[in-house]
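Residue strings, one per chain:
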Amino acid sequence: VLQTNSSTCPMINLPRGLLVLIQIVRVLTVLGAVMLCVVPAAFWLTPAWVQARGGIISGIGSHPMVLDDSALALGALSTLPGVALGMYALWQLWCLFGEYSEGRVFGRAAQQCLRRFAWGTLLLALATPFLRALMGVALTLGNPPGQRLLALGLSWDDYVSILSGAVLLAVAKVMSEAVRLAEENDSFV
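As the structure is a prediction and not an experimental result, all values here were calculated from the model.

Asker: Would you take a moment to explain the overall build of the chain for this structure?
Answerer: Regarding its fold elements, the chain presents five helices and two strands. Listed by position from the N terminus, the elements making up the chain come as β-β-α-α-α-α-α. A compact globule built from 189 residues would reach a C-alpha radius of gyration of about 16 Å, whereas the chain, at 21 Å, exceeds it by more than 25%. Expressed as lengths along the three principal axes of its C-alpha atoms, the size of the chain is roughly 75 × 25 × 25 Å.

Asker: Got a minute to help me understand the packing of aromatic side chains in this structure?
Answerer: In this description, a pair of aromatic rings is defined by centroid distance and the angle of the planes. One pass over the structure, following the stated rule, counts four aromatic pairs. Consider the rings of Phe97 and Tyr100, whose centres lie 5.2 Å apart with planes at 65 degrees: the pair is edge-to-face. Taken as a pair, Phe97 and Tyr100 lie in helix H3 (residues 69-101) at a separation of three residues, close to a single helical turn. With a relative accessible area of 14%, Phe97 lands in the buried category. Centroid distance Trp156 to Tyr159: 5.3 Å. Interplanar angle 35 degrees. Geometry classified as tilted. Here Tyr159 and Trp156 lie together in helix H5 (residues 156-188), a separation of three residues that amounts to about one turn. For Tyr159, a relative accessible area of 40% gives the class partly exposed. In this structure an aromatic cluster arises from ring pairing among Phe43, Trp44 and Trp49. In this structure, Arg26 is placed above the aromatic ring of Trp94, and the distance from its NZ or CZ to the ring centre is 3.5 Å.

Asker: Any chance you could explain the layout of surface pockets here in plain terms?
Answerer: Vacant regions in the atomic arrangement are exposed by a probe of water-molecule size rolled over the atoms. Space inside the largest pocket adds up to approximately 760 Å³. Forming the walls of the largest pocket are 27 residues, and the residues nearest its centre are Leu36, Ile57, Gly82, Leu124 and Thr128. Only helix H1 (16-44), helix H2 (47-58), H3, helix H4 (108-140) and H5 provide two or more residues apiece to the lining of the largest pocket. A total of eight residues in the lining of the largest pocket trace back to one element, the largest contributor, which is H4. Residue classes in the lining of the largest pocket are distributed as 15 nonpolar, nine polar and three charged.

Asker: Looking at this structure, how should I read a nonpolar patch on the surface?
Answerer: Taken together, Leu18, Val20, Leu21, Ile24, Val27, Leu28 and Leu31 make up a surface patch of nonpolar side chains, about 590 Å² in accessible area. For Leu18, the location among the structural elements is in helix H1. When its relative accessible area of 34% is taken as the criterion, Leu18 is described as partly exposed.

Asker: I tried to follow the nonpolar core on my own but got confused; where do I start?
Answerer: If you look at the biggest cluster of nonpolar residues, it comprises 14 residues, and the most contacted ones within it are Ile22, Leu93, Leu96, Phe97 and Tyr100. For this core, the elements supplying multiple residues, two or more each, are H1, H3 and H4. Residue contributions to this core peak at five residues, all from H3. Look past the residues within four positions of Leu96 in its chain and what remains in contact with it is Ala110, Cys113 and Leu114.

Rules used throughout
Residues numbered from 1 in each chain as written. Predicted model: local features only at pLDDT ≥ 70, side-chain atom pairs only at ≥ 80, totals over all residues. Heavy atoms only, no water. Helix = DSSP H or I, 4+ residues; strand = E, 2+ residues; numbered from the N terminus. Rg over C-alpha atoms; globule rule 2.2 N^0.38 Å. Phe/Tyr/Trp six-rings, centres within 6.5 Å; stacked < 30°, edge-to-face > 60°. Buried < 20%, exposed > 50% of the residue type's maximum accessible area, 1.4 Å probe, protein only. Lys NZ or Arg CZ within 6 Å of the ring centre and 35° of its normal. 1 Å grid on protein atoms, 1.4 Å probe; cavity = no way out; pocket = protein on both sides within 12 Å on 5 of 7 lines; lining within 4 Å. Points joined across faces, edges and corners; volume = space filled by probe spheres on them. Nonpolar A, V, L, I, M, F, W, Y, C, P; charged D, E, K, R; others polar. Patch = residues over 30% accessible without salt bridge, like charges linked within 9 Å, V, L, I, M, F, W, Y side chains within 5 Å. Areas by Shrake-Rupley, 256 points an atom, 1.4 Å probe, with all protein chains shown as cover. Salt bridge = Lys/Arg side-chain N within 4 Å of Asp/Glu carboxyl O. Core = buried A, V, L, I, M, F, W, Y, C linked by side-chain atoms within 4.5 Å. Contact = heavy atoms within 4.5 Å.

Structure, rendered in structure tokens:
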């Protein structure tokens, strides 16, 4: 059933299954935000964890690392842009599904949130290889000259994330254009 609210935004009575999915996504968004804040902080505050996984995550493998306070602080700083982009994307997803939960699937606010989420996802996917490289530099900066390392790699996961962000951006553009055309058609009636 299609309704219109005071701002002429088409409102849709959503099926129960979709309402349940919306709530699940909103819960997962909150969990994702909590994990995005807690896990990187816990990682950088636990040198043994950094020693065990830092080389793998950063792409430097088993290359020697000096885990002094400077390396840990610089490594933590290298994760901040990714955390910030991730939080931005999650916030846009939260807002998008908030619009959906109110039945404003085709509203301008929902389309803006979808577009911002797509941009956040794409930018995060593009930045991730460089952020991993910065992490590798931070972990090897304390090494003697000749043992410092800059490793820049693009994995299949990075490639799929970039494609997913691009697809989301295209879908957001198509949805915005559909809303614009519908509004234009409504103005002729």
